[in-house]
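Chain residues, written in single-letter form:
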Amino acid sequence: QCPWGAPNTTSISCSLADVMSEQLAKELQLEEENAAFPEVVAVAEGPFITGENIDTSSDLMLAQMLQMEFDREYDAQLRREEKKINGDSKVSISFENYRKVHPYDSDSSEDEVDWQDTRHDPYRADKPTTTPRRGFIGKGKDITTKHDEVVCGRKNTARMENFAPEFQVGDGIGMDLKLSNQVFNALKQHAYSEERRSARLHEKKEHSTAEKAVDPKTRLLLYKMVNAGMLETITGCISTGKESVVFHAYGGNATEDKVIPPECAIKVFKTTLNEFKNRDKYIKDDYRFKDRFSKLNPRKIIRMWAEKEMHNLTRMQNAGIPCPQVVILKKHVLVMSFIGQDQVPAPKLKDVTLSSEDMKKAYCQILNMMQQLYKECNLVHADLSEYNMLWHDGKVWLIDVSQSVEPTHPHGLEFLFRDCRNVSQFFQKGGVAEALNERELFNAVSGLNITADNEVDFQAEIEALEKMNEDHVQNHGKKLSMFSSDGDPPIYDE
Ligand code: ADP
Ligand code: MN
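Residues numbered from 1 in each chain as written. Chains lettered and ligands numbered in written order. Predicted model: local features only at pLDDT ≥ 70, side-chain atom pairs only at ≥ 80, totals over all residues. Heavy atoms only, no water.

The name given to the chain in an unreviewed UniProt entry is Serine/threonine-protein kinase RIO3, with the source organism recorded as Cochlearius cochlearius. The record in UniProt for the chain states the following under Cofactor (unreviewed entry): "Mg(2+)". The Subunit (unreviewed entry) comment attached to the chain in UniProt states, word for word, "Interacts with CASP10. Interacts with IRF3; RIOK3 probably mediates the interaction of TBK1 with IRF3. Associated with 40S pre-ribosomal particles." (UniProt positions renumbered as here; feature names shortened; annotations may be inferred.)

Shown next, in the form of structure tokens:
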């Protein structure tokens, strides 16, 4: 009698078309999966991590993601166990060899394994127990040498225990199983290459993203960009801010319609609730987004930040203002050209020491850029300061424009005034004699002529203007088109 019982012989007849049908295959797979996991497990996810249109069709990608998670948990567990066993004993043992990333693997990418060199063979048996030293046992015609099939087979089976713990060897070790050399060697090789494969995957990930900085879905998104060849490698994190994380990447292959810069900056807008809340006044009152805001869930609003930055950068690019060039926008991830070189981002104006000549040059340039931004791009930066200006190639580059608004934004002029204050304070402190004060700068940029000679009155006039504008938008707002850079000029021009 067969030890595995009688086979279940219910056969389902089907046509060749069925067999070849991908659709059917998918359905069957789904059915199978549903049967295997009958209950939908409620996964604890952040409020914005769930998504209805997340592409989960790539099994390989998902498998890799899962593997990464698994490896990490696995290593963490090993570390815990190591700690538990060692306690505070003076002599400690190490599970290092069983980590998913081996110390001697992590800096090498070569695939070849030198099987002759047993010094580094982690599966080398310490002391083969079944063969005595002298190489044979027994007497006369009952003598068995170490080459005896049975003895050797048992020895091989015993050595399976030395495979990495996650390598499933079944319960062969407990049985009197005799593995031939050929089978054992094949198994050993497989165990080893599996180990190395997962180590490589691990390594790739370690080098690709600062994993803790982004959620799994974002990681998947980044992975895909690399997979698609758009990015060559993501080298690391440049900045972790409250609202965004910025990565550096080497650009990949150009497509028919797109040239990818050699170095890219990837800005990932953070998908957490708390931070974006402080910012919603920028977008909520931006009439370009007015119709959309009320209907949106927070995750979509995060995406809108990214979208906003993209549109604003494009406007600036068109006006010839030095700024990152947009490469692509995917959900809440914006890829743009990298300002800097060889992975080193250009320094912020606050971090660089300029000669007084360069300082003056920078000031003149910024005055120009602010005017261009206002008049040609119809934008107010709204977070302009030495933190968001980079010094590169002997000039100032503007970045971080996701919060930028049109001057007709209900608080647009207040934002502009704040920008002006930051800029003139920075340059006045920096010893630029030509630097206008904040009120002069405001008038120079906006073309308005607010005459108040003190800050309080000035601010009051600004707010009065905003109020007037608000009324105007109330009456005519519908006519203003979203995102148009060449739409109606700001009403104050009249
Ligand atoms: P945040 O809203 O977090 O301030 P930023 O757009 O200002 O976001 O980016 C944060 C930091 O990342 C910047 O201060 C700058 O150092 C770096 N950075 C952002 N974009 C680029 C870029 N295109 N090239 C080089 N560095 C960049
Ligand atoms: Mn910034």
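After that view, the rundown keeps rolling.
## Description of the overall build of the chain
Helix and strand content of the chain: 14 helices and 11 strands. Within the chain, buried positions represent 40% of all 494 residues. Sequence-distant contacts in the chain: of pairs separated by 6 or more residues, those separated by 24 or more amount to 64%. (Helix = DSSP H or I, 4+ residues; strand = E, 2+ residues; numbered from the N terminus. Buried < 20%, exposed > 50% of the residue type's maximum accessible area, 1.4 Å probe, protein only. Contact = heavy atoms within 4.5 Å.)

## Some details on the site of ligand 1
Contacts to ligand 1 come from 16 residues, most closely from S244, K267, I339, K348 and D400. Here a nitrogen atom of ligand 1 sits 3.0 Å away from a polar atom, N or O, in the main chain of S337. Within the complex, the protein chains bury 91% of what would otherwise be the 540 Å² of accessible surface of ligand 1. Taken together, the elements giving at least two residues each to the shell around ligand 1 come down to β4 (244–251), β5 (263–269) and β7 (333–337). Taken together, the residues of the shell around ligand 1 sort by class into eight nonpolar, five polar and three charged. (Near = heavy atom within 4 Å. Polar contact = N/O pair within 3.5 Å; in protein donor to acceptor, adjacent residues only side chain to side chain. Areas by Shrake-Rupley, 256 points an atom, 1.4 Å probe, with all protein chains shown as cover. Nonpolar A, V, L, I, M, F, W, Y, C, P; charged D, E, K, R; others polar.)

## A word on the pairing of β4
Burial analysis of β4 places seven of its eight residues in the buried class, the great majority of the element. As paired elements, strand β3 (residues 231–240) and β4 share seven bridges and run antiparallel to each other. Residue S239 lies in a different strand from β4, and its bridge partner there is V246. The hairpin turn running from β3 into β4, its antiparallel successor, is three residues long. (Pairing = 2+ DSSP bridges.)

## A short note on helix α11 (residues 356–375)
Compared with an ideal rise of 1.5 Å per residue, which puts 20 residues at 28 Å, α11 spans 29 Å between its outermost C-alpha atoms and is within 8% of the ideal. Taken together, the buried positions of α11 are occupied by M359, A362, Y363, Q365, I366, M369, M370, Q372, L373 and Y374. Check the buried side of α11 and you find it contacts α10 (298–319), β10 (389–392), β11 (395–398), α12 (412–429) and α13 (438–446). (Expected span 1.5 Å × (residues − 1).)

## Looking at the sheet that holds strand β6 (residues 326–330)
In spatial order, the strands read β3-β4-β5-β7-β6; together these five strands make up an open sheet with antiparallel pairing. Two strands in the sheet have a free side with no partner beyond their single neighbour: β3 and β6. Along the sheet, successive strands turn relative to each other by an average axial angle of 20°, direction set aside. Note that β6 and β7 share four bridges and pair antiparallel. Its bridge partner lying in β7, L329 is registered against L334. Across the sheet, α10 is in contact with β5, β6 and β7; its angle to β6 comes to roughly 160°. (Axes fitted to C-alpha atoms, helices over the stretch in contact; angles between N-to-C directions.)

## Here we look at the coordination of the manganese ion (ligand 2)
On the protein side, the manganese ion (ligand 2) has N388 (OD1) and D400 (OD) as donor atoms, found 2.2 Å from it. Taken together, the residues span a long stretch of sequence, with N388 in the loop between α11 and β10 and D400 in the loop between β11 and α12 at a distance of 12 residues. (Donors = N, O, S within 2.8 Å, 3.2 Å for Na, K, Ca; no water.)

## Some words on a nonpolar patch on the surface
Among the surface-exposed residues, L16, V19 and M20 lie close enough to one another that they form a single nonpolar patch of about 360 Å² accessible area. Mapped onto the fold, M20 is located in helix α1 (residues 16–20). Assessed through its relative accessible area of 62%, M20 is described here as exposed. (Patch = residues over 30% accessible without salt bridge, like charges linked within 9 Å, V, L, I, M, F, W, Y side chains within 5 Å. Salt bridge = Lys/Arg side-chain N within 4 Å of Asp/Glu carboxyl O.)

## Considering the confidence of the model for the chain
Residue-level pLDDT values for the chain average 77, and 68% of them are 70 or greater. In this model residues 40–55 is a low-confidence stretch, pLDDT under 50, and it forms 20 contacts with partners more than four residues away in sequence or in other chains. (pLDDT = per-residue confidence, 0-100.)

## Focus: the packing of α11 against α12
Viewed as axis vectors pointing N to C, α11 and α12 meet at an angle of 170°, and their least axial separation amounts to 11 Å. Classified by the interaxial angle, the pair formed by α11 and α12 is roughly antiparallel. Between α11 and α12, the contacting residues are M359, A362, Y363, I366, M370 and Y374 on the first element and L413, L416, D419, C420, V423, F426 and F427 on the second. Broken down by class, the residue content of the contact of α11 with α12 amounts to 12 nonpolar, no polar and one charged. (Parallel < 35°, antiparallel > 145°, perpendicular 65-115°, else oblique.)

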